[in-house]
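# Reading the structure
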Amino acid sequence: MNRTAIYHLNESAFAEPLPGNRFFLRLRLGKEDKDAKVVVHYGKKYVFQDVRLKKEMGLASVSGPFCHFETTVELNDPRLAYVFEITSGDEHCFYSERGVLDEYDFSLAYEDFFQYSYVRQSDAVEVPEWVHRAVIYQIFPDRFHEGKKGKDRSYINLKWGDNPTPASFAGGDLMGIVEKLPYLQDLGVNAIYLTPIFLSPSYHKYDTIDYLQIDPQLGEEEDLKTLIASAHEKGIRIILDAVFNHISDRSPFFLDAKGRGKDSPYRDWFFFDEEGGYQYFSVCPSMPKLNPFCPSCGDYLKKVALHYLEMGIDGWRLDVSDEVDHAFWKDFRKSIKSAYPDSVIIGEHWHNAHAFLRGDEFDGVMNYPLTYAIVEALARKKIDARALADRMNGLLLRYRPSLTPYMMNLLDSHDTHRFLTLASGDRLALESALAILVFSPGMSCLYYGTEVPMEGGYDPDSRRCFPWEREKAENTHKTIVKQLISLRKSDSLSFGRVSISAENGLLHVKRGDSGNGYELLVNLSKVPVKASGRPTISSGYVGNAIQPYGFLIRRY
C-alpha cells in the first residue's frame, strides 16, 4: 500500500454537504491501490466513539499517479464525524486527522476524527434545473446578424463576410439575434451568452463608457427587452457579459476622476498614483482598472447587475474576474443571489479557479483547462486517450462536486483560435471534440458558427461574420451537432454520474447508470479500432471500427 499517497481534507472538494441531508466524501489513494476496499466510519460527532455507521466507498476515477474513492452518506444529525478504513492486499490501516494508523482506538476518536462541525443546509449548493440541461450559444453581436430597421449604418466599415480587422464594424445587432431565434431554437440551444452590449467606442465593447445604456450600434433598451422576452418564449435563457474589472477612458467617471483629481468623488474608483498615472487592463491604457472595493464603485456595479436581472436576464459572465477583489465578489454574490437565486454567475478564469469557487463567489467559471486538454488531444493530436482521461479526471477533482454543473465547458471563444482552424480543418476531430464536450459534466457552450462550421485564427480572425449563406445548405456536420445537443439535454447527460477511462487507444466516457446510460468512445490512436454496439450517434464509424479521431456513442 502506498501510504504516502493517502489524502483527505475536510470542508473542501473532498468533503461537502449536499441538498437533502446528504454528505459527499472523497479519499485519494495511490493508483496501485485502485483495487483496495475503502470503508468510511461516520456518525454524530458527540457520540461517535460509541455509535457510528459505516459504508463502503467506490472507485470513482484514476488520474495520473492517484485514484479516488467516493461515496455519499445520509445524515441524521448535522454534526458529522468520520474516519476511513483501508484494506489493500494484505495491508490494513485507518486514516484520520492524525494520519495513517495501523490500529485505531475509536474510544479516543474525538481527538483526531475528521469532522464537519455543523452542516447547514445553506451550505449545500442547490443547482437550478435549467443549469443541469444548459447548452449555451455564445454570440459576438456585431458579427452575428443585422436586423435593426432604419438604424444609422454610417459606422459600418466591414462588408459582411470579409476578413475583420481590430477596427472593423460589421453591423450585427440585438434585433438580428431576435430574427434568428427560430434558427437557434431549431439548433437546440437553450441559452445565449452575449459578449458586451453596452455603450463603448470599440466593436468588441469590452471598454464600457456607460453600463446603463445599450450601445446604439447594437440597439436600445427596448430591443434588449424584446430579445429577452422572445428568447424566453422559446425556452432560451440570456446571459450578459459584465466588464467590472475595467472601463473605457472615455467614461465620465474616469474623465471626472482624472480631471478633478482628489476633488472628484470618483477618484477612488480607480488606482491613481501620486504622479497621475493609473493602473489599467493588460497593456491597454484606454481601459483604466476599476476599484470595486471602493464602496461607491462597488454599489454602482451591483446596481448595474441588478438592473438587467430585473429586466429579465438569467445571469452574468464576468470578464477578467480573477483580477477583481474577492471581497467584492462575495458581496456581489449576496446581492445577486438574494434577489435572483436561479441566476448564474460565471467568471472568466483561464487557470485553477479554486479560490473563487468555494460557494460564496462564482457559481462556475469558463473551463479553459478542459478546452486545452481537448485541443491537445484532437486538434494538435499530441496526447493519447490515457493522457486525456487523466486530465479530464483531474479537472473533475479540482472543485467541489456540487459546482460541477455550473462549469462553462467550451472548445473556443472570441478570445481563442477557432477549434477547426487549430485542427487544420479536420471536421472529424471537431465532431469528436464536440462529443467530448457534451459528455463532460457542466454547461456545454458552443461559439457561434461552430455548427456550420466556421474557421478563424486568433483575434480578430476568430470574430468573423456568420456565413448565413450556408444556413440551408446540406450539412452532415450540422446534423451531428444537433444530435449531440439533443442528447446533451437528456437526463443521463444532464444528471448522470460520469466515468472516464481509456483502453486500447479509445477514450471512454460513460454518463448515467448501466442499462440507462450512454457511453462515448473516441479513437485517439492513429489506426482504426473495432467497437461493437449499435451507434446512437457516430462520426467516422465504418465497418464496425472507429476511424482515427472519430467517435461512437452507444447505450450501455
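What you see is a predicted model, and the numbers here were worked out from it, not measured in a lab.

## Notes on helix H7 (residues 326–339)
With 14 residues, H7 extends 20 Å between its outermost C-alpha atoms, agreeing within 8% with the 20 Å of an ideal straight helix rising 1.5 Å per residue. Turning to H7, its buried residues are Phe 328, Trp 329, Phe 332, Arg 333, Ser 335, Ile 336 and Lys 337. Buried positions along H7 lie against helix H6 (295–311), strand S15 (315–318) and strand S16 (344–347).

## Looking at the layout of surface pockets
In this approach, a probe sized like a water molecule rolls over the atoms, and the result shows the empty space that is left. By volume, the largest pocket amounts to about 1,300 Å³. Taken together, 43 residues form the lining of the largest pocket, with Glu 70, Pro 401, Gly 496, Arg 497 and Val 498 sitting closest to its centre. Mapped onto the lining of the largest pocket, the elements with two or more residues apiece are strand S2 (22–30), strand S4 (53–63), strand S5 (66–74), helix H1 (129–132), helix H9 (385–396), helix H13 (491–495), strand S20 (498–503) and strand S21 (506–511). Top element by residues in the lining of the largest pocket is S4. It accounts for five residues. Residue composition of the lining of the largest pocket, grouped by class: 18 nonpolar, 14 polar and eleven charged. Those elements giving two or more residues to the lining of the second largest pocket turn out to be strand S1 (15–18) and H7. A total of three residues in the lining of the second largest pocket trace back to one element, the largest contributor, which is S1. Looking at side-chain class alone, the lining of the second largest pocket contains ten nonpolar, six polar and eleven charged residues.

## Some details on the packing of H6 against H7
Working note: a packed helix pair is described by the angle between its axes plus the distance between those axes. Running from N to C, H6 and H7 cross one another at 30 degrees; their axes reach a closest spacing of 10 Å. The angle between H6 and H7 falls in the class roughly parallel. At the point where H6 passes H7, the crossing takes the right-handed sense. Across the interface between the two elements, Gly 298, Leu 301, Lys 302, Ala 305, Leu 306 and Leu 309 from H6 touch Phe 328, Asp 331, Phe 332, Ser 335, Ile 336 and Ala 339 from H7. Taken together, the residues of the contact of H6 with H7 break down into eight nonpolar, two polar and two charged.

## Describing the side chain of Asn 409
Structurally, Asn 409 is set in strand S18 (residues 408–410). There is a polar contact of 3.0 Å between the side chain of Asn 409 and the backbone oxygen of Pro 441. Residues in contact with Asn 409, not counting those within four places in the same chain, are Asn 367, Leu 370, Leu 437, Ser 440, Pro 441, Gly 442, Met 443, Ser 444 and Cys 445.

## Observations regarding the side chain of Lys 180
Along the polypeptide, Lys 180 turns up in the loop between helix H2 (174–179) and helix H3 (181–187). Assessed through its relative accessible area of 15%, Lys 180 is described here as buried.

## Focus: a nonpolar patch on the surface
On the surface, Tyr 46, Val 47 and Val 51 cluster together to form a nonpolar patch covering roughly 300 Å² of accessible area. With respect to the element layout, Val 47 can be found in the loop between strand S3 (37–44) and S4.

Reading guide: rules and limits
Residues numbered from 1 in each chain as written. Predicted model: local features only at pLDDT ≥ 70, side-chain atom pairs only at ≥ 80, totals over all residues. Heavy atoms only, no water. Helix = DSSP H or I, 4+ residues; strand = E, 2+ residues; numbered from the N terminus. Expected span 1.5 Å × (residues − 1). Buried < 20%, exposed > 50% of the residue type's maximum accessible area, 1.4 Å probe, protein only. Contact = heavy atoms within 4.5 Å. 1 Å grid on protein atoms, 1.4 Å probe; cavity = no way out; pocket = protein on both sides within 12 Å on 5 of 7 lines; lining within 4 Å. Points joined across faces, edges and corners; volume = space filled by probe spheres on them. Nonpolar A, V, L, I, M, F, W, Y, C, P; charged D, E, K, R; others polar. Axes fitted to C-alpha atoms, helices over the stretch in contact; angles between N-to-C directions. Parallel < 35°, antiparallel > 145°, perpendicular 65-115°, else oblique. Left-handed = near helix turned anticlockwise from the far one by under 90°. Polar contact = N/O pair within 3.5 Å; in protein donor to acceptor, adjacent residues only side chain to side chain. Patch = residues over 30% accessible without salt bridge, like charges linked within 9 Å, V, L, I, M, F, W, Y side chains within 5 Å. Areas by Shrake-Rupley, 256 points an atom, 1.4 Å probe, with all protein chains shown as cover. Salt bridge = Lys/Arg side-chain N within 4 Å of Asp/Glu carboxyl O.

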